[in-house]
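Breakdown of the fold
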Amino acid sequence: MSVNKVILVGRLGRDPETRYTGGGQAVANFSVATDESYKDKNGERQKRTEWHKIVVWGKQAEIAQQYLKKGSLVFIEGRIQSREWQDKEGQKRTSFEIVANNFRMLGGRGDAAAAGAGAGGGASLRSSGDDFETHAAPAEDSYGGNAPASSGPEISDEDIPF
């Protein structure tokens, strides 16, 4: 048995970028930052930020483009996927991305730039996953994305892990 599941809560690094496949299916790419605080060996508090590339397909991509903006706090659920590509010099590269099958915008409208986004709405979107299995991610290494608003559980600053 194996499991490939990722759950992230973080902020968008920039507005989503949406493209369309030859078949007309939308794909949105964006990056999400998560922060981790820890004490180093000298007892000093350190902070580390991880950047995650996110890919969203279909109707979710269109919703992401419409609602998500740089700084938006989002909950993302999906799977990790590796992708091989060639850079401009012809070198083989591997990148890792999260293919989201569920996401929720946290915080309220206009809350994208607020560092302490608290409770608010966020629509949850799910997909059967079939769309994600049959399509490859775009060749470019740039990412962007958006999510809708819906009512969800109240979330306070204490609930956010960073």
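Quick summary incoming for the structure in this document. Residue indices follow the written sequence of each chain, beginning from 1 at its first position. Reporting of local features is limited, given that this is a predicted model, to residues whose pLDDT is at least 70; pairs of side-chain atoms are given and counted only at 80 or more, and all residues count toward the totals for whole chains, interfaces and linings. Water and hydrogen atoms play no part in the side-chain values, which are based on all heavy atoms of the structure.

Some points on the overall build of the protein
- Comment: elements are numbered from the N terminus, with helices defined as DSSP H or I runs of at least four residues and strands as E runs of at least two. Summing up its helical and strand segments, the protein has two helices and seven strands in all.
- In the protein, the succession of α and β elements from N to C terminus is β-β-β-β-α-β-β-β-α.
- When contacts within the protein are restricted to residue pairs at least 6 apart in sequence, those whose partners lie at least 24 apart make up 68%. Two residues form a contact once any of their heavy atoms are found within 4.5 Å.

Structural notes on the pairing of strand β1 (residues 6-12)
- Summary of the burial criterion: residues with accessible area below 20% of their type's maximum are buried, those above 50% are exposed, and those between are partly exposed, where the area comes from a 1.4 Å probe applied to protein chains only. In terms of burial, β1 is largely enclosed, as six of its seven residues are buried.
- Across six bridges, the pairing between β1 and strand β5 (residues 73-86) is antiparallel. By the bridge assignment for β5, L8 is matched with I76. Only strands that DSSP links by at least two bridges are regarded as paired with each other.

A short note on the side chain of H52
- Mapping H52 onto the fold places it in strand β4 (residues 45-57).
- Polar contact is defined as a pair of N or O atoms within 3.5 Å, subject to the rule that within protein one atom must be able to donate a hydrogen and the other to accept it, and that residues adjacent in sequence are counted only when both atoms are side-chain atoms. Engagement of the side chain of H52 in a polar contact is seen with the side chain of T34, the distance being 2.8 Å.

What about the environment of W85?
- Checked against the element boundaries, W85 lands in strand β5.
- The spacing of W85 and S95 is 10 residues in sequence and 8.1 Å in space, taken between C-alpha atoms.

What to know about the pattern of salt bridges
- Salt bridges, as used here, are contacts in which a Lys or Arg side-chain nitrogen is within 4 Å of a carboxyl oxygen on Asp or Glu. Inspection of the entire model under this criterion finds seven salt bridges.
- Of the charged contacts, one joins D35 and K47 as a salt bridge, the two residues approaching to 3.6 Å between their closest N and O atoms. Here K47 lies in strand β4 and D35 lies in strand β3 (residues 26-39), a separation of 12 residues in the sequence.
- Residue E97 is joined to R83 by a salt bridge in which the shortest nitrogen-to-oxygen separation is 3.4 Å.

Regarding the side chain of E77
- Secondary-structure assignment places E77 in strand β5.
- What makes E77 buried here is its relative accessible area of 9%.
- A polar atom in the side chain of E77 sits 2.6 Å from the side chain of K5.

Structural notes on the nonpolar core
- Grouped together as the largest cluster of nonpolar side chains are 15 residues, with contacts concentrated most on F30, V32, I54, L68 and I76.
- Those elements that place two or more of their residues in this core are β1, β3, β4, β5 and β6 (92-106).
- Broken down by element, this core gets its largest block of residues, four residues, from β6.
- Excluding residues within four positions of it along the chain, I76 makes contact with V6, I7, L8, F30, V32, I54, I98, A100, N102 and F103. Take the buried residues of types Ala, Val, Leu, Ile, Met, Phe, Trp, Tyr and Cys, join any two whose side-chain atoms come within 4.5 Å, and each joined set is a nonpolar core.

Describing the environment of I98
- By the element assignment, I98 lies in strand β6.
- We classify I98 as buried; its relative accessible area is 6%.
- Each C-alpha atom, one on I98 and one on V6, is 7.4 Å from the other, the two residues being 92 residues apart in sequence.
- The residues touching I98, leaving out its near neighbours within four places in the chain, are V6, L8, K53, I54, V55, I76, G78, R79 and I80.

Re the pairing of β5
- The pairing of β5 with β6 spans 14 bridges and is classified as antiparallel. Bridge pairing in β6 links R79 to V99.
- Hairpin connection from β5 to β6: five residues lie between these consecutive antiparallel strands, with G90 at a positive phi of about 85 degrees.

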